[in-house]
Amino acid sequence: MKITKIQLQKRKGRFNIYLNDQYSFSISEDVLINYHLFKGQELNNEQIEKLSNADEIAKAHSKALNYLSSQLRTEKEITDYLKKHSIASEKIPNVLEKLRYEKLVDDKKYAESYIRTMLKTSDKGFKVIRNNLRAKGVTEKDIEDAAHEYDSSYMITKGIALTEKYEKQYSRYPFKKRIQKIKQRFLSKGFSADEIQTIMQEVDFVNNEQIERQILQKEATKLWQKYHVLDTKKHYFKVKQALYRKGFSLSEIETVLESFL
């Protein structure tokens, strides 16, 4: 079969190919150039199939470029995006290979950039950052290679500033429980045990006994009213148990509860 006509489409970068004066298929400009197609060229079925495959990859590559135009992406994110847009799975490795050659995708560089961005814009420690990168398909090796971008001392400074906010949020808890809650908060944000220990050592936490007693009195009153239907003995032990779970000391609880009996 002979190429008798190569016609530019209205859609930019696309060409219609006519074989033996009949429309046969369309291809991208990149495929046209890469395969050196010209009018009068003879094509067999195998060559046509090869051109069709190359064009599918070119379309997928174009979609990937659009996806990458706004920000960096990982190979997994690109793969998921292409699958979502009905690109055949067997075509995707070719697209990724081309993107790597063009230096448009690099999971290690992505990880480095992601860590720098998270440091500037979030209060998440490295454990959360690591998990986020894993979810984006970045390998453990690439994460470890990029870990030098994480500045632990910078995050400790952020953590120290956050403790004031957390102290206010947990002000209704007794001192020991409040400290425990703050530590748990940092753990949930991905801070390491060493970072949390440093933060807690750097902050001057004040245990105001008068305020502590007021908190206990308030909680005890609420619980005493809550369990008022129980008999006296059960009533007492139920409230005592509930206050102990909240972090108050037994001696303080017993002292306060004496006034309710």
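Residues numbered from 1 in each chain as written. Predicted model: local features only at pLDDT ≥ 70, side-chain atom pairs only at ≥ 80, totals over all residues. Heavy atoms only, no water.

Some thoughts on the overall build of the protein
Here is step 1 of the chain: On a plain count of helices and strands, the protein comes out with 13 helices and three strands.
Here is step 2 of the chain: Relative to the globule expectation of 18 Å for 261 residues, the C-alpha radius of gyration of the protein, 33 Å, shows a markedly less compact shape.
Here is step 3 of the chain: With respect to the three principal axes, the spread of C-alpha positions in the protein is 105 × 45 × 30 Å.
Here is step 4 of the chain: Within the protein, counting contacts between residues at least 6 apart in sequence, those at least 24 apart form 54% of the total.
Here is step 5 of the chain: Carbon and sulfur atoms make up 49% of the accessible area of the protein, which totals about 16,200 Å².
Here is step 6 of the chain: Across the protein, the mean location of the 49 positive side-chain charges is 6 Å away from that of the 37 negative side-chain charges. (Helix = DSSP H or I, 4+ residues; strand = E, 2+ residues; numbered from the N terminus. Rg over C-alpha atoms; globule rule 2.2 N^0.38 Å. Contact = heavy atoms within 4.5 Å. Areas by Shrake-Rupley, 256 points an atom, 1.4 Å probe, with all protein chains shown as cover. Lys, Arg positive; Asp, Glu negative; His and termini not counted. Charge placed at Lys NZ, Arg CZ, Asp CG, Glu CD.)

Digging into the packing of aromatic side chains
Here is step 1 of the chain: Per the stated rule, a full pass over the model turns up eight aromatic pairs.
Here is step 2 of the chain: Taking the centre distance of 4.0 Å and the plane angle of 5° together, the rings of Tyr67 and Tyr81 count as stacked. Residue Tyr67 is located in helix α2 (residues 45–68), and its partner Tyr81 is located in helix α3 (residues 75–84); the two are separated by 14 residues in the primary sequence.
Here is step 3 of the chain: Summarising the aromatic geometry, the rings of Tyr166 and Phe186 are spaced 5.4 Å apart at their centres and angled 65° between planes, so their arrangement reads as edge-to-face. (Phe/Tyr/Trp six-rings, centres within 6.5 Å; stacked < 30°, edge-to-face > 60°.)

Topic: the layout of surface pockets
Here is step 1 of the chain: Each pocket or cavity is described by its volume, and for the largest pocket that value is around 310 Å³.
Here is step 2 of the chain: In terms of lining residues, the largest pocket is bounded by Arg11, Lys12, Gly13, Arg14, Ser28, Glu29, Asp30, Ala58, Lys59, His61, Ser62 and Lys98.
Here is step 3 of the chain: Listed by contribution, the elements that provide at least two residues to the lining of the largest pocket are α1 (29–34) and α2.
Here is step 4 of the chain: Broken down by element, the residue count for the lining of the largest pocket peaks at four residues, all from α2.
Here is step 5 of the chain: The residue inventory of the lining of the largest pocket, partitioned by class, reads one nonpolar, four polar and seven charged.
Here is step 6 of the chain: The space that makes up the second largest pocket amounts to roughly 190 Å³.
Here is step 7 of the chain: Every residue along the wall of the second largest pocket is listed here: Pro174, Phe175, Lys176, Asn207, Glu209, Glu212, Tyr244, Gly247, Phe248, Ser249 and Glu252.
Here is step 8 of the chain: Elements with a contribution of two residues or more to the lining of the second largest pocket: α9 (175–188) and α11 (209–226). (1 Å grid on protein atoms, 1.4 Å probe; cavity = no way out; pocket = protein on both sides within 12 Å on 5 of 7 lines; lining within 4 Å. Points joined across faces, edges and corners; volume = space filled by probe spheres on them. Nonpolar A, V, L, I, M, F, W, Y, C, P; charged D, E, K, R; others polar.)

Thoughts on the pairing of strand β2 (residues 14–19)
One face of the sheet, then the other: side chains in a regular strand alternate in exactly this way.
Here is step 1 of the chain: With six of six residues buried, β2 lies mostly within the body of the structure.
Here is step 2 of the chain: Side chains Arg14, Asn16 and Tyr18 of β2 all project onto a buried face; the interleaved residues Phe15, Ile17 and Leu19 project onto the opposite face, where all are buried too.
Here is step 3 of the chain: With five bridges joining them, strand β1 (residues 3–8) and β2 adopt antiparallel strand pairing. Considered in β2, the bridge of Leu8 is made with Phe15.
Here is step 4 of the chain: Two successive antiparallel strands, β1 and β2, enclose a turn made up of five residues, where Gly13 displays a positive phi of approximately 80°.
Here is step 5 of the chain: When β2 meets strand β3 (residues 22–28), the two strands line up antiparallel, connected through six bridges. Each bridged residue has a counterpart across the sheet, and for Ile17 the counterpart in β3 is Phe25. (Buried < 20%, exposed > 50% of the residue type's maximum accessible area, 1.4 Å probe, protein only. Pairing = 2+ DSSP bridges.)

So, the pattern of salt bridges
Here is step 1 of the chain: Under the defined criterion, the tally for this structure stands at 18 salt bridges.
Here is step 2 of the chain: A salt bridge links Lys91 to Glu90; the shortest N-O distance between them is 4.0 Å.
Here is step 3 of the chain: With relative accessibility at 15%, the residue Lys91 sits in the buried group.
Here is step 4 of the chain: A residue is classified by how much of its surface remains accessible, and Glu90, at 55% relative accessible area, is exposed.
Here is step 5 of the chain: Glu219 is the partner of Lys222 in a salt bridge, and the nearest nitrogen-oxygen pair spans 3.7 Å. In this pair, Lys222 and Glu219 are both assigned in helix α11, three residues apart and thus about one turn of the helix distant.
Here is step 6 of the chain: Under the relative-accessibility criterion, Glu219 is labelled buried at 7%.
Here is step 7 of the chain: Among the charged side chains, a salt-bridge network with shared partners connects Arg14, Asp55, Glu56 and Lys59. (Salt bridge = Lys/Arg side-chain N within 4 Å of Asp/Glu carboxyl O.)

A few points about the sheet that holds β2
To summarise the sheet geometry, strands pair through backbone hydrogen bonds and adopt either a parallel or an antiparallel arrangement.
Here is step 1 of the chain: Taken together, the three strands give an open sheet; going across it, the order is β1-β2-β3, and neighbouring strands pair in antiparallel fashion. Edge positions in the sheet fall to β1 and β3, since each has one partner strand and no second. Each neighbouring strand pair of the sheet contributes to a mean axis angle of 25°, computed without reference to strand direction.
Here is step 2 of the chain: Sitting on the sheet, α2 touches β2 and β3, and the angle it makes with β3 is about 40°. (Axes fitted to C-alpha atoms, helices over the stretch in contact; angles between N-to-C directions.)

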